[in-house]
Every structure is written in structure tokens, then in C-alpha cells.
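Reading the structure
Residues per chain are reported as follows:
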Amino acid sequence: MNLLLDVVVAEGGEPYEFANIQAGVREHGYELSRTRWWRIRSGESPEAVPNETLVALAKFFEVDPAYLTDESGELPERIERELQILKKMRRNKLKNIAARTLGDIDIKTLEAINALLDDVDSYESNNPERD
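Because the structure is a prediction, the values reported are computed rather than measured.

Focus on the overall build of the protein
Scanning the protein from N- to C-terminus turns up seven helices and zero strands. Helices and strands in the protein line up, N terminus first, as α-α-α-α-α-α-α. The buried share among the 131 residues of the protein stands at 28%. Partitioning the contacts of the protein with sequence separation of at least 6, the portion at a separation of at least 24 is 47%. Of the roughly 9000 Å² that the protein leaves accessible, carbon and sulfur atoms contribute 50%.

Laid out in C-alpha cells, this is it:
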């Protein structure tokens, strides 16, 4: 669930707040309490979370309910793509931080840092099970 929340954002690019999620699942016929939401987010007592809760959340987030209800549920393609974009954005942010922090470093060292981060990207793309 936390991965889903990291990737899926509300309109305007802001993360969903509990009230938004609660209202959204209510539209799908389910009343979500703050306590149950906390248990889902924390992973506490996953066996105590009814399937109907997970199905309502899946509908709200527009993902296949199997992603939340089945232990072997596949990561939805849309979420996978958005996760890859997030990773690239974070890497680019890291590159920018390195460039500012190491401002007076020689260009070859900066190129080596960029190449290393690009190699990590390539490795992760070829080994998705490592994520």
C-alpha cells in the first residue's frame, strides 16, 4: 500500500490525504476508519484487513484488486511506469545535488559520478526483481 501511495498522487501532484481516500472508498460502498487505515499502512495485522477493504482501495486507486488482495499480485503496469519515472527523477535530483555540492570538482570526476548513476539505472532496468 505504501508503494502505491508513493507513486499515485492526487490531481495537482500532491499525495493523497486520509480524508481523500476515505471519501473515495466511500464512493465504492466502503466506510474506511482511520484505525483500519493506520493498520493497513503500518502492516499491522494484515490478516485482520477484510478483502472488501482492499478491493475498495484498489478501485479508488484504479488498480487491479489482485495487486492488494493476492500475495503474488503483480505490480500494475501503470504503477511500475510511474515508479520508474520517480526513480529517474530522484537520480537526476541526486546528480544535481552532486554537481552543486562538488561545484569546483573537475569535469571528469563529475562525468564518472553521472556514469555510475546511469549504470545503476541500467542494472535496475535489466534486473527488475532487485527493486
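Considering the nonpolar core
Counting residues in each nonpolar core, the largest one holds 21 residues, and the members touching the most others are M1, L32, W37, L57 and F61. Elements with a contribution of two residues or more to this core: helix 1 (2–7), helix 2 (18–26), helix 3 (34–42), helix 4 (51–61) and helix 5 (66–69). Filtering out sequence-adjacent residues up to four positions away, L57 remains in contact with M1, I21, V25, L32, W37, I40 and L68.

Some words on unusual backbone geometry
Most peptide bonds take the trans configuration, and most residues that are not glycine carry a negative phi. Although it is not a glycine, E62 sits at a positive phi angle of roughly 60°. Looking at the element boundaries, E62 is found in the loop between helix 4 and helix 5.

So, the confidence of the model for the protein
Scored by pLDDT, the protein comes out at a mean of 76, with 69% of its residues at no less than 70. Confidence, expressed as mean pLDDT per element, reaches its minimum in the protein at helix 6 (residues 77–101) with 66 and its maximum at helix 2 with 93.

Some thoughts on the packing of aromatic side chains
Tallied over the entire structure, the rule returns three aromatic pairs. Note on Y16 and F61: the rings are 5.6 Å apart at their centroids and 80° apart in plane angle, and the pair reads as edge-to-face. Of this pair, Y16 sits in the loop between helix 1 and helix 2 while F61 sits in helix 4, and the two are 45 residues apart along the sequence. Counting every residue linked through ring pairs, the aromatic cluster contains Y16, F60 and F61.

Some details on helix 4
When we look at burial in helix 4, the residues that qualify are T53, L54, A56, L57, A58, F60 and F61. Of the residues flanking the end of helix 4, it is E62, one or two places downstream, whose phi is positive at about 60°.

Description of the environment of T69
Secondary-structure assignment places T69 in helix 5. Using a relative accessible area of 25% as the deciding quantity, one classes T69 as partly exposed. Spatially, the C-alpha atom of T69 lies 9.5 Å from that of T53, the residues being 16 residues apart in sequence. Leave out the neighbours within four places in its chain, and T69 touches N51, L54 and V55.

Topic: the environment of N2
Mapped onto the elements, N2 comes out in helix 1. For N2, a relative accessible area of 33% corresponds to the partly exposed category. Residues N2 and I40, 38 residues apart in the sequence, show an inter-C-alpha distance of 8.9 Å.

Calculation rules
- Residues numbered from 1 in each chain as written.
- Predicted model: local features only at pLDDT ≥ 70, side-chain atom pairs only at ≥ 80, totals over all residues.
- Heavy atoms only, no water.
- Helix = DSSP H or I, 4+ residues; strand = E, 2+ residues; numbered from the N terminus.
- Buried < 20%, exposed > 50% of the residue type's maximum accessible area, 1.4 Å probe, protein only.
- Contact = heavy atoms within 4.5 Å.
- Areas by Shrake-Rupley, 256 points an atom, 1.4 Å probe, with all protein chains shown as cover.
- Core = buried A, V, L, I, M, F, W, Y, C linked by side-chain atoms within 4.5 Å.
- pLDDT = per-residue confidence, 0-100.
- Phe/Tyr/Trp six-rings, centres within 6.5 Å; stacked < 30°, edge-to-face > 60°.

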